[in-house]
Amino acid sequence: MADPAVARSGFHLPAPEGEAGGRPEGTGHLPVIRRLDSQTINQIAAGEVVERPASAVKELVENALDAGATRIEIDLERAGRALIRVSDNGIGMTEDQVLLALERHATSKITRAEDLLAVSTMGFRGEALPTLASVSKFRLSSGVAHGARVVVTAHGGQVQVSSGDVGPRGTTVSMEDLFFNVPARLKFLRTDATELSAIVDAVSRHAIARPDVAFTLRHAAGGPAHEALRTSGSGDFATTLQEVWGRDLTAALLLVDHYQDGVRLTGMVSPPHVSRATRTHQWLWVNGRPVRSKTLMAAIDQAFRAWTPERRYPLAALMIWTDPAGVDVNVSPTKSEVKFRDESTVFRAMVSAIKRAVAASGMVPGAEAVHLANEAARDARGDSPAGSPPEMPWGPGAFGMSQRAQAPLGGEESTAWLGAGTLFARPFAGGSNGLADGVSLGAAGGVTGVLPDLLHEFRLIGQWAATFILGDSPHGLIVIDQHVAHERILYERLWAERARDGVPVQPLLSPETLHLSRASALIAQQNLAELARAGFDVEPFGPESFLVRGVPAIWRGRSPLSVLRDVLDELAEGRAAGCLGTGTADVFAMAACKMAVKAGDPLAEAEMKKLVEDLATLDNPFFCPHGRPITILIPTSDIARRFKR
Ligand SMILES: Nc1ncnc2c1ncn2[C@@H]1O[C@H](COP(=O)(O)OP(=O)(O)OP(=O)(O)O)[C@@H](O)[C@H]1O
Ligand SMILES: [Mg+2]
């Protein structure tokens, strides 16, 4: 309805191009109200339902599943922009059915609104096919038995029936030149790599939910097609999860099967010591439908709170099964969200399901282990007469890893730190340097020039909480975050070496095999050149496996394979979210972060000295590649004031 106020004021929307006069035709200033034609209606709906190639693929896969297919083959060209083709061996359609299916609001899945209360199919809105037909060069061929098929083509919505195809029972839908008539939508598409990984993600979620269906996803980017996903249709959940996530990831997972208050939980979760830097591997389904839900992820967090370090995420592939009448699936056009009538019951069931699975595996750190770890941590920190430093959230007690708590706080300097008297007996050059209290050299302007000098005059005190390097300087107490500092050093070195003659590669004694999930494998494939520039000598070795022959020569400590895996996981997630580019800078920043020593890593005195020396030589010793400060100075005057000196 037109707003009468708008009509009175004589306000007009600009006319569409080609319409004379810059105002809607009609009598006087009154706007004309028209019924939109079906093509326009479908294109408007496309804005909600078909946002990107992955949403088109998802709709077609869901139709195939609803048609009872046991085999679904998906072919893509240029990440779905040039071609999306989905073939199934489902029940197929007759000519009448096909024509009806292409009409809006035509569905075989529900007949009345009440049916929504018990919907067990993926689709029910009756709008996917006409919508897809309106934004692509669309072709559907279908048959209800082996033999001649009905063929329907629609270029931007104009439907034409023909025949000529012969094939088995089932349906094949192909869409060429997606969004060819919606240029605005084309502009919003991200890179092919990003769109492709969104498709792989969408298909993977359905593939895992349906172990009884064999999925194949092939992609061609101009050249020959490669397989981006394949499941065997074995019928076994764990096998299917392994086919999608990769062998290494799934090997460590624990089975979940729990029933509580009308909610059944099945699937797999990781034990507490297996976690990832991102939530990339937390997948959820409700009654077989892939969903995204902050509440359910919060339930995972809650279950693992006591076991997993902060900012590490357990892996979870969890299916929630409950009475469909208690779940509203019609919340968004893409159906990726659901509402539970009783959310807290589902939340509680999920927390207990996970806790029980982990407890049953015997992988919870027991009271004894936690006690030993706490003791070790206390020894390592050293309880000074002035009282012990506060408990650190990353304290090893939380993870039952007593070995890592044996921090070698050796040497005179550290003794000096442990005895408060010795620390303050040291002659400080003292005096105010004009710096704000506890100023962070990374963050504050005006002090940046001071830092290299500070570091040159730095005298090591020791390591604190296995995380910070403490030193004295004429200006006060210097606290360096060991991880951030090392990360910055590695990052700058990668760039410097690249500028000289490339990052030197340290060959591994024997090449190691890295098995990845499909999504991360794809990222690896696409970034072989960038990885090589960062010093990783990696070559494809089967669809989801890679041979790692060499690592950057600046390598220190951690297993090269787990670092490489973390880098690729984070790149995959960052790209899917659109917050990481494809540039060398992102790969270098990620590699530096993952290779660097971590908070909680004990460092020997020589290592700390070397780290500070290196830091002092950097072009930019102020920020880590992610923008965090590296060094904090607590001015002597501030400490003196606290002691009322
Ligand atoms: N691959 C297929 N095999 C057999 N029948 C199909 C196939 N795809 C679609 N259909 C039929 O066409 C109808 C319309 O499909 P469409 O995807 O437009 O709507 P829907 O699946 O019913 O609902 P939604 O819009 O929520 O997906 C379906 O209800 C189904 O009967
Ligand atoms: Mg559908």
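Residues numbered from 1 in each chain as written. Chains lettered and ligands numbered in written order. Predicted model: local features only at pLDDT ≥ 70, side-chain atom pairs only at ≥ 80, totals over all residues. Heavy atoms only, no water.

A. Examining the site of ligand 1 more closely. Around ligand 1 sit 21 residues in total, of which Thr107, Ser108, Lys109, Glu127 and Lys335 are the nearest. Contact distances for ligand 1 include 2.5 Å between an oxygen atom and a side-chain N or O atom of Ser108. At a separation of 2.8 Å, an oxygen atom of ligand 1 approaches a polar backbone atom of Gly126. Burial of ligand 1 by the protein amounts to 94% of the accessible area it has alone, namely 590 Å². Looking at the shell around ligand 1, the element that brings in the most residues is helix α5 (residues 128–134), giving 3 residues. Class assignment for the residues of the shell around ligand 1 results in 8 nonpolar, 7 polar and 6 charged. (Near = heavy atom within 4 Å. Polar contact = N/O pair within 3.5 Å; in protein donor to acceptor, adjacent residues only side chain to side chain. Areas by Shrake-Rupley, 256 points an atom, 1.4 Å probe, with all protein chains shown as cover. Helix = DSSP H or I, 4+ residues; strand = E, 2+ residues; numbered from the N terminus. Nonpolar A, V, L, I, M, F, W, Y, C, P; charged D, E, K, R; others polar.)

B. Helix α16 (residues 482–500), seen in detail. The first and last C-alpha atoms of α16 sit 27 Å apart over 19 residues, in line with the 27 Å expected at 1.5 Å per residue. One side-chain oxygen at the N-terminal end of α16 lies 3.1 Å from the backbone nitrogen of His483; it belongs to Asp481. Positive backbone phi, approximately 90°, marks Gly502, located one or two places after α16. (Expected span 1.5 Å × (residues − 1).)

C. Quick look at the sheet that holds strand β11 (residues 254–260). Strand order in this open sheet of 5 strands is β11-β12-β17-β14-β15, and the pairing throughout is mixed. One side of each edge strand has no neighbouring strand; the edge strands of this open sheet are β11 and β15 (289–291). The mean angle between the axes of side-by-side strands here comes to 20°, regardless of whether they run parallel or antiparallel. The sheet contact formed by β11 and strand β12 (residues 263–269) spans 7 bridges and is antiparallel. Each bridged residue has a counterpart across the sheet, and for Gln260 the counterpart in β12 is Val263. Against the sheet, helix α8 (residues 237–245) touches β12, β14 (282–286) and β17 (316–322), its axis set at about 135° to β17. Across the sheet, helix α11 (residues 343–361) is in contact with β11, β12, β14 and β17; its angle to β11 comes to roughly 135°. (Pairing = 2+ DSSP bridges. Axes fitted to C-alpha atoms, helices over the stretch in contact; angles between N-to-C directions. Contact = heavy atoms within 4.5 Å.)

Any functional reading would require information beyond the geometric quantities listed.
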